[in-house]
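In case you want the letters, here they are:
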Amino acid sequence: MIRQGLTTVLVGTIFIASGCADRDPLSPVSSDEPLFAQTPADGNGNKEVIPIDFFIPDWTICESGEPLDLKVNGWVQVRFFDQPDNRNIQLTAVQLVVTYSNSAGETFVWHEVGVDRVYFDQNGDLIVSSTGRIGPAGLIGHLILNLTTGAVERAGKEFGSNNALACDALT
């Protein structure tokens, strides 16, 4: 009994000691990309995952006349609900890193992170509810659009558009 305990301790010590000497990363894939920007699994086919990676030169021209390039990478994940008697229609998760750059090589980074839900409310109105950082609206918080009535509700803090923020930071 004592010999088995000592063997377990010895093997465990050797395992830990060899792990401390090994400087290889623990994950099988090493990347400079942030973890939240890496594409998730497709949920056994229950959702669609769309990787995003594109570059647009001269995306916007600031008031100073300085053009800014745009680089976007990350992913959008979409799940549709087709069960009978389910008021939910679609759930979309967004994880994007939006990088603006000027001619001097300086950058401004905007993280577009949030969840959009499309559903029918108790009155049968079609609703789009967005939570998180909502870039085009310049809002961090919650935005509810009633597509049936046209009503808009906002809660959170408005910062202005991400294009305007990038121009302020880079010119």
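Conventions we followed
- Residues numbered from 1 in each chain as written.
- Predicted model: local features only at pLDDT ≥ 70, side-chain atom pairs only at ≥ 80, totals over all residues.
- Heavy atoms only, no water.
- pLDDT = per-residue confidence, 0-100.
- Contact = heavy atoms within 4.5 Å.
- Buried < 20%, exposed > 50% of the residue type's maximum accessible area, 1.4 Å probe, protein only.
- Helix = DSSP H or I, 4+ residues; strand = E, 2+ residues; numbered from the N terminus.
- Arc of directions from axis to C-beta.
- Pairing = 2+ DSSP bridges.
- Core = buried A, V, L, I, M, F, W, Y, C linked by side-chain atoms within 4.5 Å.
- Salt bridge = Lys/Arg side-chain N within 4 Å of Asp/Glu carboxyl O.
- Polar contact = N/O pair within 3.5 Å; in protein donor to acceptor, adjacent residues only side chain to side chain.
- Phe/Tyr/Trp six-rings, centres within 6.5 Å; stacked < 30°, edge-to-face > 60°.
- Lys NZ or Arg CZ within 6 Å of the ring centre and 35° of its normal.

A. Focus on the confidence of the model for the protein chain. Per-residue confidence for the protein chain averages 81 on the pLDDT scale, and 72% of its residues sit at or above 70. Across residues 1-29, confidence stays below pLDDT 50; counting only partners more than four residues off in sequence or on other chains, it has one contact.

B. The arrangement of helix α2 (residues 162-170) in detail. Residues N162, A166, C167 and L170 constitute the buried set of α2. Along the axis of α2, the buried residues cluster in a sector spanning 140 degrees; they form a single face.

C. Spatial organisation of unusual backbone geometry. For D58, which is not glycine, the phi dihedral falls at a positive 50 degrees. Classification of D58 as partly exposed rests on a relative accessible area of 49%. The backbone phi angle of D85 is positive, close to 60 degrees, even though this residue is not glycine. Relative to the helices and strands, D85 resides in the loop between β2 (67-80) and β3 (88-101). Judged by its relative accessible area of 83%, D85 is exposed.

D. Representation of the pairing of strand β1 (residues 48-61). One ladder, built from eleven bridges, connects β1 with β2; its direction is antiparallel. If you follow P51 over to β2, its bridge partner there is W75.

E. Main features of the nonpolar core. One finds L68, V72, L96, V98, Y100 and F108 to be the most contacted residues of the largest nonpolar core, which totals 16 residues. Every element with two or more residues in this core is listed here: β2, β3, β4 (107-120) and α2. Element by element, the count of residues in this core is highest for β2, at five residues. Setting aside its immediate chain neighbours within four residues, V98 contacts L70, K71, V72, F108, V109, W110 and E112.

F. Layout of the pattern of salt bridges. Applying the stated criterion across every chain yields a total of two salt bridges. As a salt-bridge pair, K71 and D53 come within 2.1 Å of each other at their nearest N and O atoms. Separated by 18 residues along the polypeptide, K71 in strand β2 and D53 in strand β1 bring together distant segments of the chain. The class of D53 is exposed, set by a relative accessible area of 57%.

G. Focus on the side chain of N102. Within the secondary structure layout, N102 lies in the loop between β3 and β4. With relative accessibility at 8%, the residue N102 sits in the buried group. Here the side chain of N102 touches A104 through a polar contact of 3.1 Å, landing on its backbone nitrogen. A polar side-chain atom of N102 sits 2.8 Å from a polar atom in the side chain of E106. Contact partners of N102, with chain neighbours within four places excluded, come to E66, P67, L68 and L170.

H. Expanded view of the packing of aromatic side chains. Scanning the model with the defined rule gives one aromatic pair in all. Centre to centre, the rings of Y100 and F108 are 6.2 Å apart; their planes meet at 50 degrees, and the pair counts as tilted. For the pair Y100 and F108, a shared accessibility class is recorded, and that class is buried. Sitting above the plane of the W110 ring, R133 keeps its charged end 4.1 Å from the centroid.

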